[in-house]
Amino acid sequence: MGFSDVFKYAGTRQKTGGLKIRHHKDTANFPTEYLPLPEQVVISMVQHTGAPCVPCVEKGDHVYVGTMVGKAPTAMSMHIFSSVSGTVSGIERIFHKAGMGETIVIVKPDGLQEPDPSIKPPEVHDFTSFVDALSMSGIVGLGGAGFPTDIKVQPKNLPDIDTLLINGAECEPYLTTDNREFLEHPDTILYGIDACLKYLDIPKCLICIEDNKEAAIDLMTKKAASDDRIDVCVLQSRYPQGAQNILIKNATGRIVPRGARHTVVGVIMLNVTTVSSIGKYLQTGMPLVSKRLTVAGDAIENPKNLEVPIGTQIKDVLNYCGLKEDPKKVILGGPMMGVAQFRTDYPIVRQNNGVLAFSEKLAKTPEITPCIHCGRCISACPMGLSPVEIGMAFERYEFDKFEGLNVDICIGCGCCSYVCPAKRPLTEVMTLSKGILKKSGKGGKK
Ligand code: SF4
Ligand code: SF4
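Residues numbered from 1 in each chain as written. Chains lettered and ligands numbered in written order. Predicted model: local features only at pLDDT ≥ 70, side-chain atom pairs only at ≥ 80, totals over all residues. Heavy atoms only, no water.

Trainee: Can you walk me through the pairing of strand β15 (residues 329–332) in this structure?
Mentor: Regular strands place side chains that alternate from one sheet face to the opposite one. Sheet analysis places β15 next to strand β17 (residues 354–358), joined by four bridges and oriented antiparallel. Paired with Val-330 across the bridge in β17 is Ala-357. Bridge analysis of β15 against strand β16 (residues 339–340) gives two bridges, and the strand direction is antiparallel. Following the sheet pairing, Ile-331 is matched in β16 by Ala-340. Counting the residues in the hairpin turn of β15 and β16 gives six residues, including Gly-333, whose phi is positive at 105 degrees. (Pairing = 2+ DSSP bridges. Helix = DSSP H or I, 4+ residues; strand = E, 2+ residues; numbered from the N terminus.)

Trainee: What is the right way to look at the site of ligand 2 in this model?
Mentor: Residues in contact with ligand 2, as listed here, are Cys-371, Ile-372, His-373, Cys-374, Gly-375, Cys-377, Val-388, Cys-420, Pro-421, Ala-422, Arg-424 and Leu-426. Considering only residue class, the shell around ligand 2 consists of nine nonpolar, two polar and one charged. (Near = heavy atom within 4 Å. Nonpolar A, V, L, I, M, F, W, Y, C, P; charged D, E, K, R; others polar.)

Trainee: So what exactly am I meant to see when it comes to the site of ligand 1 here?
Mentor: Neighbouring ligand 1 are 13 residues, the closest being Cys-381, Cys-410, Cys-413, Gly-414 and Cys-416. Of the residues that constitute the shell around ligand 1, the class distribution is 11 nonpolar, two polar and no charged.

Trainee: Where do I start with the packing of aromatic side chains in this structure?
Mentor: The description of an aromatic ring pair uses the distance of the two centres, along with the angle that the planes make with each other. Throughout the structure, instances matching the rule amount to five aromatic pairs. Measuring from centroid to centroid gives 5.5 Å for Tyr-174 and Phe-358, while their planes differ by 75 degrees, and the two rings are edge-to-face. Here Phe-358 lies in strand β17 and Tyr-174 lies in the loop between β9 (163–168) and α3 (177–184), a separation of 184 residues in the sequence. Residue Tyr-174 is classed as buried on the basis of its relative accessible area, which comes to 12%. With a relative accessible area of 7%, Phe-358 lands in the buried category. Consider the rings of Phe-394 and Phe-399, whose centres lie 6.4 Å apart with planes at 40 degrees: the pair is tilted. Residue Phe-399 is classed as partly exposed on the basis of its relative accessible area of 32%. (Phe/Tyr/Trp six-rings, centres within 6.5 Å; stacked < 30°, edge-to-face > 60°. Buried < 20%, exposed > 50% of the residue type's maximum accessible area, 1.4 Å probe, protein only.)

Trainee: Any chance you could explain the pattern of salt bridges here in plain terms?
Mentor: Here the idea is simple: oppositely charged side chains can pair when their charged atoms come close. As enumerated under the stated definition, the model contains 14 salt bridges in all. A salt bridge links Asp-162 to Arg-254; the shortest N-O distance between them is 2.9 Å. Of this pair, Asp-162 sits in the loop between α2 (149–152) and β9 while Arg-254 sits in the loop between α6 (244–252) and β12 (267–271), placing them 92 residues apart in sequence. On the basis of relative accessibility, which here comes to 23%, the residue Arg-254 falls in the partly exposed class. Between Asp-345 and Arg-343 there is a salt bridge, and its shortest N-O distance comes to 2.7 Å. Under the relative-accessibility criterion, Arg-343 is labelled partly exposed at 32%. Each member of the salt-bridge network shares a partner with another, and the members are Asp-194, Lys-198, Asp-227 and Arg-229. (Salt bridge = Lys/Arg side-chain N within 4 Å of Asp/Glu carboxyl O.)

Trainee: Help me understand the domain arrangement of the protein chain, please; the structure alone is not making it clear to me.
Mentor: Where the parts come together, the accessible area they lose is often given as the size of the interface. By domain assignment, the protein chain separates into domain 1 (3–27 + 122–284), domain 2 (32–111 + 287–362) and domain 3 (376–439). On a C-alpha basis, the centroid separation for the pair domain 1 and domain 3 is 27 Å. (Domains from an automatic or database assignment.)

Trainee: What is the right way to look at the sheet that holds strand β8 (residues 101–109) in this model?
Mentor: In any sheet, the strands associate via hydrogen bonds between backbone groups, in a parallel or an antiparallel arrangement. One open sheet accounts for four strands, arranged β2-β8-β7-β4; its pairing is antiparallel. The two strands at the open ends of the sheet, each matched to only one other strand, are β2 (41–44) and β4 (62–63). Taken together, the two bridges between β4 and strand β7 (residues 86–95) define a ladder with antiparallel strand orientation. Counted as the bridge partner of Val-63 is Gly-86 from β7.

Trainee: Looking at this model, I keep getting lost on the nonpolar core. Mind explaining?
Mentor: Most often, soluble globular proteins have nonpolar side chains that are buried together. Phe-130, Leu-164, Ile-166, Ile-193 and Ile-207 are the most contacted members of the largest nonpolar core, which totals 41 residues. Looking at this core, the elements that each hand over two or more residues are α1 (127–135), β9, α4 (186–200), β10 (204–210), α5 (214–224), β12 and α7 (272–284). Take this core: its biggest share by element is eight residues, from α4. When residues of this core are assigned to domains, at least three map to each of domain 1 (3–27 + 122–284) and domain 2 (32–111 + 287–362). When near neighbours in sequence (up to four residues on either side) are disregarded, Phe-130 contacts Val-124, Ala-195, Cys-196, Tyr-199, Leu-200, Ile-278 and Leu-282. In this structure, Leu-318, Cys-321, Val-330 and Leu-332 belong to the second largest nonpolar core, which totals 21 residues. (Core = buried A, V, L, I, M, F, W, Y, C linked by side-chain atoms within 4.5 Å. Contact = heavy atoms within 4.5 Å.)

Trainee: Got a minute to help me understand the sheet that holds strand β5 (residues 68–71) in this structure?
Mentor: Strand order across the open sheet formed by three strands is β3-β5-β6, with antiparallel pairing between neighbours. Edge positions in the sheet fall to β3 (54–55) and β6 (80–81), since each has one partner strand and no second. Two elements, β3 and β5, share two bridges in a ladder whose sense is antiparallel. Residue pairing in the sheet places Pro-55 in a bridge with Gly-70 of β5.

Trainee: What am I meant to see in unusual backbone geometry here?
Mentor: Outside of glycine, negative phi angles account for most residues, and trans bonds account for most peptide bonds. A cis amide bond links Tyr-239 to the next residue, Pro-240, at an omega of 0 degrees. If you trace the backbone, Pro-240 turns up in the loop between β11 (230–235) and α6. Phi is positive for Tyr-174, close to 75 degrees, though the residue is something other than glycine. Notably, Asp-201 is not glycine yet its phi reads approximately 55 degrees, a positive angle. Mapped onto the fold, Asp-201 is located in the loop between α4 and β10. A relative accessible area of 64% places Asp-201 in the exposed class.

Okay, here's the thing in structure tokens:
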């Protein structure tokens, strides 16, 4: 079973897709280090899908580790907690990577790292108390999506869910943080899985890991051997194996219909660090306040897996790991789907999993040349799309063609740009085209 069947729901003509790309996972065996406390943390109120949080502290307030500093205004949001003990030194507005404004709460650490005295493990005994606990945990999709986990575990068709999928594919090059979670916290992963299976009444769980993570596969297979509800599912190492619908197809054989949520095929999928964070929260009551990052790239002197307080500024991460030269490009996330940053005082948010810094040599933007109609972008697309046709429609302002070209199912994986010999900015065009189609109210038809 592979990528060859995934095209079926795209309704287009391709039968293959995805890429074998260099992994660059040189930090896979680097144990997690802890960043010394920075001079300040800059806690963004936008760290999840949904409504931004509203600051619930004021300048001059004392906060502990785990004190709520941002309150979720609606159910589709997630509270935000201080990652340090100290004093709130400011509440300001900044521009983030997408050029939009957002509110930040700045906290100066007192160095004591005292936990909030009110923190204790939540009392969980059934579905309702489990969901209530998650709503206070600060946990969102930590693979990058940032979807509030308390919302994710209560789909309308929960009684039909028969499989919990744990996404440990980590298919993006360079990133090794999920791999470290498997190796360093296998028991909290299993604790979180057990809670999900028990309180959501799901009979089985598949822990999905790409075949390039042999140590993680061996350890989790051994650890889960005594629980017949849990299996380890080894998947081919092929980008973008960790994309939601592709992983579901390859792990279960089920195809998510176009425009539908993945729960319609009877699965709930959680990232491995997300489920491990659930385990930690249930055991301790400490909400999510820190995050492990892979810090790598050819401009980094000492690549690391580094656990940092949420709100640490990118520049503090770079300074700690050291720079061989002034980086030309700094990316939050992996090189395929991450976002290049235009300033390094921007803070780490909870769904970040990597900081990559590249030299001018590697970051140089190649010259764009005319399309040679080689078709490589079509072969590479895991969703069976024709990026070249979408690109042509975009350039000619033929936006009415987008729906028929299925641009709404593009997952932004970057495979088309990666293979294009003419170095055309296909992924960027896909993103813009998808936005235009969405704004028109079309797309997503079943
Ligand atoms: S970015 Fe979109 S169009 Fe390009 S390969 Fe990925 S899914 Fe296909
Ligand atoms: S890979 Fe690039 S050059 Fe080849 S068809 Fe696609 S857009 Fe054109």
